[in-house]
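Here is what each chain is made of, one letter per residue.
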Amino acid sequence: MSLRTVIRQLRTPLRAGLPSRTPLRAGLPSRTLISGRTYGAVAQARSVLESELDTIRAAGTWKGERVITSKQGAHISVDGSSGDILNFCANNYLGLSSHPEVIQAGIEALQKYGAGLSSVRFICGTQDLHKNLEQKLAQFHEREDCILYASCFDANAGLFEVLLGTEDAVISDELNHASIIDGIRLCKAKRFRYKHMNLKDLEEKLKESQSSRLRLVVTDGVFSMDGDVAPLVGICDLAEQYGALVFIDECHATGFLGPRGRGTDELLGVMDRVHIVNSTLGKALGGAAGGYTVGPKPLIELLRQRSRPYLFSNSLPPPVVGSATRAVELLLASNEIAQSMAAKTKRFRNSMTQAGFTIAGAAHPICPVMLGDARLASVIADDMLKLGVYVIGFSYPVVPKGKARIRVQISAAHTDSDIDRALDAFIQTGRKHGVIS
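Residues numbered from 1 in each chain as written. Predicted model: local features only at pLDDT ≥ 70, side-chain atom pairs only at ≥ 80, totals over all residues. Heavy atoms only, no water.

Colleague: Residue-level account of the overall build of the protein, with values.
Modeller: Of regular secondary structure, the protein possesses 17 helices and 15 strands. Taken along its principal axes, the extent of the C-alpha atoms in the protein is 80 × 55 × 55 Å. For the protein, the share of sequence-separated contacts (at least 6 apart) that also reach a separation of at least 24 residues comes to 70%. Averaging the locations of the 51 positively and 44 negatively charged side chains of the protein gives two centres separated by 9 Å. (Helix = DSSP H or I, 4+ residues; strand = E, 2+ residues; numbered from the N terminus. Contact = heavy atoms within 4.5 Å. Lys, Arg positive; Asp, Glu negative; His and termini not counted. Charge placed at Lys NZ, Arg CZ, Asp CG, Glu CD.)

Colleague: A description of helix H6 (residues 152–163) should follow, citing residues and the corresponding values.
Modeller: Relative to the 16 Å expected for 12 residues at 1.5 Å per residue, H6 spans 17 Å between its end C-alpha atoms, a close match to the ideal helical length. Burial analysis of H6 places 10 of its 12 residues in the buried class, which makes it a mostly covered element. Restricting attention to buried positions, one finds in H6 the residues Cys152, Asp154, Ala155, Asn156, Ala157, Gly158, Leu159, Phe160, Val162 and Leu163. You can read the cap of H6 off the contacts: a side-chain oxygen lies 3.3 Å from the backbone nitrogen of phenylalanine 153, and it is on serine 151. (Expected span 1.5 Å × (residues − 1). Buried < 20%, exposed > 50% of the residue type's maximum accessible area, 1.4 Å probe, protein only. Polar contact = N/O pair within 3.5 Å; in protein donor to acceptor, adjacent residues only side chain to side chain.)

Colleague: Give me the lowdown on the state of the cysteines, citing residues and values where you can.
Modeller: Using the criterion set out here, one finds zero disulfides in the structure. Cysteine 146 forms no disulfide, and the closest cysteine sulfur to it belongs to cysteine 152, at a distance of 11 Å. In this structure cysteine 146 comes out as buried when scored by relative accessible area, which is 0%. No disulfide involves cysteine 187; its sulfur sits 16 Å from that of cysteine 152, the nearest cysteine. With a relative accessible area of 3%, cysteine 187 lands in the buried category. (Disulfide = S-S within 2.5 Å.)

Colleague: Just give me the short version of helix H17 (residues 416–432), but keep the residues and values in it.
Modeller: Look at H17: 24 Å from first C-alpha to last across 17 residues, which is about the 24 Å you get at 1.5 Å a residue. Just past H17, the residue glycine 434 takes up positive phi, approximately 75 degrees.

Note that all results are geometric; they support no functional claim without further evidence.
Encoded structure:
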């Protein structure tokens with residue numbers, strides 16, 4: 001039976017009973033018997049899948065997908081909702097997703113270089129614009145070299161397996177992003193996990209792993225669900241004391257943290273002490289797609305030779321590369337956009353705290369409104385949309401059970417009046433559901 005036929009049966013309601021068996025010929029199962037067995041397997045698969053889906057719905061952790069009918073921005077249109085909707089949950093930190101210069105750069109790249117390469121990089125998928133963007137990203141992060149990926153998930157999936165072998169050790173924060181966890185699983189190094197941002201426990205793991213050839217301390221620069229910033233100064237101190245390398249994932253920091261928006265390492269003054277940085281083009285840097293690794297040139301060259309997501313994935317499409325390049329150029333030219341974030345973040349965080357809400361993290365545009373109950377987070381998010389504010393409830397498995405929240409994200413594109421309107425909606429909805437008095 002073809003895969004297409006199996007998929008068709010998965011979509012079609014099952015009929016009662018199974019086909020009757022026919023006599024076997026030459027000692028082989030008949031076509032009807034094989035079809036019946038496959039039909040039974042499909043029925044069992046449908047039952048298992050539907051049971052799992054029912055469990056998700058019953059737990060209140062179902063993740064629906066609202067449909068946006070406009071370009072991304074601080075103000076959007078949403079299918080089924082009337083009027084202007086404020087968007088407070090995009091990773092569009094600098095508002096560059098719809099910046100006119102970023103859009104125009106994408107159009108020009110499309111016209112000059114086409115829609116795509118139909119190839120991986122090492123065959124016939126490298127254009128001069130790919131090399132140009134890699135050079136600018138290395139310059140932006142003040143590292144030797146850069147390699148582009150289809151996403152930062154791919155960058156994390158491709159790094160650890162290449163860098164670390166059986167003689168090595170990886171020491172990872174327990175709350176690192178899922179892509180880091182999955183990437184570490186692919187490598188053969190000894191694995192150690194330290195308590196979240198706990199330097200004492202990190203030191204214990206460094207002591208336990210002293211017999212290893214290479215040791216890599218791995219952490220998010222900013223933890224995306226809580227908005228808390230890794231203690232990089234202490235991490236670098238310990239790494240240097242015990243002879244380890246330091247890796248950070250900067251997806252929620254690149255472009256807007258630090259005096260020039262270079263990220264967490266610049267914010268904390270350790271740019272020259274962090275050895276490898278992975279980050280994304282899909283958030284602050286234009287918001288389209290793509291990820292990258294910056295670091296020592298020999299590492300980047302080895303990744304080009306052995307990193308499986310790089311070797312077996314199509315090159316980034318020219319329009320994406322063109323848009324991201326312009327976003328990076330804007331940030332290299334000025335830190336004005338990045339610097340506008342601090343005051344807006346402070347305005348929202350302080351006002352929400354004064355209203356009685358619990359906001360996790362500190363001084364980061366990720367502002368998690370902690371609610372605890374998954375169903376409550378979902379209901380409040382729905383009520384907020386009715387008031388013209390788009391936010392989403394986060395629950396298990398995205399966050400631990402019992403720690404559901406609404407993750408608000410401040411953008412440079414938000415005005416003070418946008419923030420005040422969101423505050424009013426939160427206060428009204430919070431009182432309705434007894435979250436605040």
